[in-house]
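Now for the letters of each chain:
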Amino acid sequence: MNTDNTQNTPNPENPEQAEDGAPRVENVNPTGGVALPDLESFRKRLVNRQRRGSIWARFMSLSLVVAIVALLALAYNIVDAAFGYVLTENVIEPTEVVEFVLTDVRNDTTTDPATVDLATLGASELAAVLREYQEPRLRVYIRDFLSVVPDDEFTQAPIRESLAGSSFRGQFADLTINDLDAAEWTLILGNNIPQDRLVGLVRTEVIGERILETWSLTESVTGFAEIDEARVAAVEGQNPNARLEFRSWLNINFLISPMSTNPAIAGIRTALLGTLWVMIITVGFSFPLGVGAALYLQEYADDNWLTRVISTNIRNLAGVPSIIYGLLGLSVFVIALEGITTGRSILSASLTLGLLILPVMIVNSQEALRAVPPSVREGSYGLGATRWQTIWRSVLPAAMPGILTGTILGMSRAIGETAPLLALGASTFLVVDPSGPFSRFTVLPIQIYQWTSRPSDQWRSLASAAIIVLIILLLSLNAAAIYMRQRFRRKLQP
Amino acid sequence: MESEYGAENEQSPPAAVGRQPGPVAAIRMRRDADLAAALRKRPRVGEMIIRYVLLFCGLVSIFTTVGIVIVNTTTAIEFFTVDEVSPIDFFTNTVWRPAAYNPDATYNPGLIPIGVLPLLYATLFTSFIALIVAVPLGLGSAIYLAEYAPERVRNTLKPILEILAGIPTVVLGYFALTFMTPLLQAIPGLNVQIFNMAAPGLVMGVMIIPTISSMSEDAISSVPRELREASYGLGATRFESITKVVLPAALSGLVAAFILGLARAVGETMIVALAAGSAPADLLNNFLNPFVAGETMTGHIARITGGDLPYDSIQYRSLFAIGLTLFVSTLALNLISQWVSRRFREAYE
């Protein structure tokens, strides 16, 4: 409650008011027993007192300014690294690759290679490119992308086992991969790996875009002369093909490419999908539990010791550090229940995060239930409904917007959590899309952590681009929560 | 069906006493008896099942706490009962270096140098730095928002604090490592390592400003207006009323807020994991130097569990001993915070 000083309370810091008060002091002084200071020194001290007050008031507003400055510095720091000039170099230019495809694969010498985008080439054409430039590594690609047996058994196992689920010619089923020739490897690659993954493979392995040097946005804006000098030095030195380009680290390729050892083409596809999976299962687990617990506490429970223990416990769980939940998840879900969760899987991560946000969900749902007026329940009971009928048909629908708002807030807590997932053993280098609750997982915050902890600027830039994605996700979740709250409020008003 | 009965009941009130029931009335009476049987209170199995299912949902939170305690305690006991570890040494040894195990060492022979003190020290030191930042700033902004800011200013500024509270800590860790550390390194005369305790401490301070601010604001706002007005009436300035009347009256809430902020700083993981380094603090040579690396308890757990340590190794089990220390201390801080705010609350009518 803020006292509205302009209207009804006397404003002690207002100089006019002080002069008003002064004569009264003079009137009291001669008759009173206590020796009050004379008017002159009282006024002088009053001025000092008020000055001290206003200085402190300024300091207090300054502390908010510090918080805002910190927030701005954070935003600046992230944006600064996410955009800027980069000096890149290709081992082989994309036009050269396209030209190879046009002349040697399509027998088309009339089209200008510069007009064809690498990403539009077909899967078999891309496989042919891989054979042309990286023939010795074809088996490695097959192993990395298609093999279903452990790496050390790959060369000995018959193809029917090692490549189970992939398509290959039937007559080779009992041979090992080493018995085939390059043409057959190329065919297997072209037939089984999706075109977009092959594009990525060609980009990394053949074109080999490398980032030689990066500059932050500030440096790009203020010091272009120096950047250009660096380019000239590189071109004249060891990197004749070096190109300078303004790069937004946050781009479409960044969103749809999987993790890579090459920062030029690394992306957050796997992490984004992982976050999506984890969020869905987390909410699917903790929403019913949270609402159920809130219903019990709010609608059923009597005020007995059990209820009090549960409530106190929920309050204290909210203050337990998240890394402790990580240890719990590690022991229970990853190790003890390995038979069900298959260890370090999306399911283990979701269950752990579900427990983590449960207190938030329960408290928010309880608040939403408390906001439903008792008359709703009494009306329902009056019509002869049982307690559950009342809850299911009257109370829950009325409380649902509030409960959903609370759920979204719980989600936005879970989506940014890193520590417990780190403790569970999130994968740090995952290129295969998660396919279900039992896949190994990585999530956006883990990817950010990984990239941040690497020393070079390129990884930091990737981290900041990923941070921007995470913050956009968070802000949209919060905007959804605010929107629902507003709508709910309007509905309640007559 | 019910409405049909209701309508008939209205037309003819039941039991015309002393008269022989006619054939129609007899049928009605039988139907009334059926109805009464249908409406009689009886155990509803479905309702009971639902009640217990919901109770189970409520109990899941208890299971979580029990799980945390059991998991940490049992593994910690396993850890302490290994020959090479002694609980006393764990809490008093100033060195955390399990890799440097030498059975024939002259100091504490046969014991692995695995003392929690360096980790505990780094945790407390970074949290202390955080509190130095967050207490004045959080309290200052709370006083400003509650006592000075006009309604409109408050409505624009409060969401900013909420945004600050919602930023994932891994992002703040990035901020500490890539912004705060270089900033400190740019100060001439300071010898700041790349990984140090000052930068994560300062950023953790920023992180807990919203916690302290919003709890303190609640405490300040709940001091009744009459107290302020009485103070004004005695001639106090606004600032004097705040420091001499309002803040003392709100003290329990403020202390509770500070303790909760401390608990959050102690339990914070990502900021320290990214920016405080992965070497245990050197208690002997660099005690109380904030510009050197110092791995905290949380940072250590995060780093080791993220690695490839076998689940039955001593060092893996040691994490649960740390986890237990962490759980007990944050729980204690939370309970103290609740107790302070309850016990010392001034009750106003």
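Residues numbered from 1 in each chain as written. Chains lettered and ligands numbered in written order. Predicted model: local features only at pLDDT ≥ 70, side-chain atom pairs only at ≥ 80, totals over all residues. Heavy atoms only, no water.

K.L.:
Can you walk me through the overall build of chain B in this structure?
P.N.:
Counting its regular elements, chain B contains 14 helices and zero strands. Considering chain B as a whole, with its 349 residues, one finds that 50% of them fall into the buried category. Contacts spanning at least 24 positions in sequence make up 73% of the contacts within chain B whose residues lie at least 6 apart. Entry remark: accessible area of chain B is about 16,900 Å², with carbon and sulfur atoms responsible for 64%. (Helix = DSSP H or I, 4+ residues; strand = E, 2+ residues; numbered from the N terminus. Buried < 20%, exposed > 50% of the residue type's maximum accessible area, 1.4 Å probe, protein only. Contact = heavy atoms within 4.5 Å. Areas by Shrake-Rupley, 256 points an atom, 1.4 Å probe, with all protein chains shown as cover.)

K.L.:
Got a minute to help me understand helix α8 (residues 198-221) of chain B in this structure?
P.N.:
Think of an α-helix as 3.6 residues a turn; residues three or four steps apart then line up on the same face. Residue and element names in this part refer to chain B. Counted at 1.5 Å a residue, the expected span for α8 with its 24 residues is 34 Å, and the 33 Å between its end C-alpha atoms agrees. Approximately 35° is the largest bend angle found in α8, and it occurs at Ile-208, with the proline Pro-210 only one to four residues beyond. The buried fraction of α8 is high, at 20 of 24 residues. (Expected span 1.5 Å × (residues − 1). Bend = angle between axes of the 7 residues up to and from the residue.)

K.L.:
When you look at empty space enclosed by the protein in this model, what are you seeing that I'm missing?
P.N.:
Gaps left between atoms are located by rolling a probe of water-molecule size over the structure's atoms. Throughout the structure, instances matching the rule amount to two cavities of 30 Å³ or more. In this structure, the largest cavity spans a volume of roughly 40 Å³. Taken together, Ala-70, Leu-71 and Leu-74 of chain A together with Leu-164, Leu-172, Phe-175, Val-203 and Val-206 of chain B make up the full set of residues lining the largest cavity. Contributions of two or more residues to the lining of the largest cavity are made by α2 (39-82) of chain A together with α7 (169-185) and α8 of chain B. No other element matches the three residues that α2 of chain A contributes to the lining of the largest cavity. Classifying every residue of the lining of the largest cavity by side-chain character gives eight nonpolar, no polar and no charged. Within this model, the second largest cavity holds a volume of roughly 30 Å³. If you trace the second largest cavity, you find it lined by Thr-275, Val-278, Met-279, Leu-353, Ala-414, Ile-415, Glu-417, Leu-421, Val-443 and Pro-445 of chain A. (1 Å grid on protein atoms, 1.4 Å probe; cavity = no way out; pocket = protein on both sides within 12 Å on 5 of 7 lines; lining within 4 Å. Points joined across faces, edges and corners; volume = space filled by probe spheres on them. Nonpolar A, V, L, I, M, F, W, Y, C, P; charged D, E, K, R; others polar.)

K.L.:
For this particular structure, what's the right way to read the domain arrangement of chain A?
P.N.:
Interface size is often expressed as the accessible area that is lost when the parts come together. All names here are of chain A. The assigned domain composition of chain A is domain 1 (94-213) and domain 2 (269-492). The C-alpha-based centres of domain 1 and domain 2 are spaced at 42 Å. Taken together, the contact between domain 1 and domain 2 spans four residues of the former and four residues of the latter. Counting the surface domain 1 buries against domain 2, the share from its top three residues, Asp-196, Arg-197 and Ile-211, is 89%. Linking domain 1 with domain 2 are one salt bridge. Notably, a salt bridge pairs Arg-269 with Asp-196, separated by 4.0 Å at the nearest N-O pair. Summed over the shared surface of domain 1 and domain 2, the number is one residue pair in polar contact (both at pLDDT 80 or more). Elements that contribute at least two residues to the side of domain 1 that touches domain 2 include exactly α8 (195-207) and β2 (210-214). (Domains from an automatic or database assignment. Buried area = accessible area lost by both parts, 1.4 Å probe. Salt bridge = Lys/Arg side-chain N within 4 Å of Asp/Glu carboxyl O. Polar contact = N/O pair within 3.5 Å; in protein donor to acceptor, adjacent residues only side chain to side chain.)

K.L.:
Explain the interface of chain B and chain A to me, please; I cannot follow it from the model alone.
P.N.:
Contacts between the two partners involve 84 residues from chain B and, on the opposite side, 83 residues from chain A. Carbon and sulfur atoms supply 72% of the area that chain B and chain A bury against each other, a total of about 7,400 Å² over both sides. Our count for the chain B to chain A interface comes out at one salt bridge. The partner of Arg-49 of chain A in a salt bridge is Glu-240 of chain B, with the nearest N and O atoms 2.7 Å apart. The interface formed by chain B and chain A contains eleven residue pairs in polar contact (both at pLDDT 80 or more). Of the residues that constitute the side of chain B that touches chain A, the class distribution is 50 nonpolar, 23 polar and eleven charged.

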